[in-house]
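What follows is the residue order along each chain.
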Amino acid sequence: MNIYNKQRTLSLISENEKENIIEEYLNDISAIKLSKKYNIKESAIRLLFIYKKIKKTNNNWRQKNRKYIFDQNIFEECNTSEKAYWIGYLMADGTITKSGIKISSSDVEIHDKFLNFIGNSNIPRSKSHNSNTCYNTNICSKKIIKDCEKYGLINNKTFRTCIKNISSKYLSHFIRGYFDGDGHIYVRKNNRYANCGITSSSTKIIEQIVKILYDNNIIKSKIKNYVYNRKYKISCFTISIDNRLEIQKFYKFIYNNATIFLQRKWQEFQKIINLPQRIKERNASSKYRGVFFNKSKNKYTSYLTLNSKTIIVDHFINEKEAAIAYNDKILELNLPREMLNKIEE
């Protein structure tokens, strides 16, 4: 309907009807419902509101007329561990649109947990056009967009995002959320090599996370690695942790008092923490961790690696005595008890 036809339609409406339409609109009746009730085009009704300079000051009508109701004030304050987790996850793997936020993930668990978090598990998710295994969840709320901006979660965030206004006591939960979105963890080479880390195109947020981990004695270096993604032709920065001790510290830091996390990645951590002790094989000179047979001395040597430095504990004729000495050194240095050998009596 062009502007002339809209004006002509309005001229046919009596002043009494116009007043009724405006009054009902201000009482939270939508323009669509009014157009059906008065048999007038919706565009003509909206033109009436423009001419009369009618603008709703109460935003509750949007919530009442929503098909799916949820808590739009959920991110007004970051005062719980769950809120910090979801801010971290959205910063890593969410998308900020003009009308709201979108989560794209093949983990159905993530979609279900987020919908429960905002207070409506009935909001549907749709399959991604690019993948049969990826799902999208769209949440339309300009209020949530505005609230997320103060934490550094902004539109076109790929290269510009950074951590803002999050209390230090919630930073571990934020990092856990970011790790679940853009982190990796795996075990290779017959359970002999493990690695975990975080990748981002924003050098600011990587530097912030590195500083947090360094200040909490999780990692010993502030080095971040540069990676070029050939598929998407963008530069990325990554934090890579391959020291077993640092991985265990990282695990304890992000999962301490955790109430929400991605089960799949948590299970990978369990594999690393509960790695079986080496079984004596052809190429293994000892069945115990931190023990090897030293051919030059014709004895078993007890050792451990700490901060990329090898510490020789002592040399023993008996393999079991070397393993006991290794355990004693672990306890002396107050290292994680998961590193201890299980010694048969």
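Predicted, not measured: the structure shown is a model, and the values here were computed from it. Within each chain, residues carry numbers counting from 1 in the order of the written sequence. In keeping with the model being predicted, local features are shown solely for residues with a pLDDT of at least 70 and side-chain atom pairs are shown and tallied solely at 80 or more, while totals for entire chains, interfaces and linings include all residues. Each side-chain value is derived from all of the structure's non-hydrogen atoms; neither hydrogens nor water enter the calculation.

Student: Can you help me understand the overall build of the protein in this one?
Tutor: Helix and strand counts for the protein come out as 13 helices and 11 strands. Remark: exposure states derive from per-residue accessible area (1.4 Å probe, protein chains only) relative to the maximum for the residue type, with buried under 20%, exposed over 50%, and partly exposed in between. Per-residue burial for the protein yields a buried fraction of 43% across its 345 residues. Numbered from the N terminus, helices here are DSSP runs of H or I no shorter than four residues, and strands are runs of E no shorter than two.

Student: Got a minute to help me understand the pattern of salt bridges in this structure?
Tutor: Any two side chains of opposite charge can pair if their charged atoms end up close together. The rule for a salt bridge is simple: a side-chain nitrogen of Lys or Arg has to be within 4 Å of a carboxyl oxygen of Asp or Glu. Applying the stated criterion across every chain yields a total of 11 salt bridges. Across the pair Glu109 and Lys113 runs a salt bridge whose closest N-O atoms are separated by 2.7 Å. Of the two residues, Glu109 and Lys113 both sit in helix 7 (residues 108–118), 4 residues apart, roughly one turn of that helix. Residue Lys113 is classed as partly exposed on the basis of its relative accessible area of 27%. With a shortest N-O distance of 2.7 Å, Lys143 and Asp147 are connected by a salt bridge. One end of the pair, Lys143, and the other, Asp147, are both in helix 8 (residues 142–149), 4 residues apart, so they sit about a helical turn from each other. Residue classification places Asp147 among the buried positions, given a relative accessible area of 7%.

Student: Any chance you could explain unusual backbone geometry here in plain terms?
Tutor: For residues other than glycine, phi is negative in most cases, and the peptide bonds are mostly trans. Positive phi, close to 55 degrees, is recorded for Asn39, a residue that is not glycine. Turning to its location among the elements, Asn39 is positioned in the loop between helix 3 (31–38) and helix 4 (42–51). What makes Asn39 exposed here is its relative accessible area of 71%. Of note in this structure, Asn298 is not a glycine but carries a positive phi near 60 degrees. Within the element layout of this structure, Asn298 appears in the loop between strand 9 (291–294) and strand 10 (299–306). When its relative accessible area of 56% is taken as the criterion, Asn298 is described as exposed.

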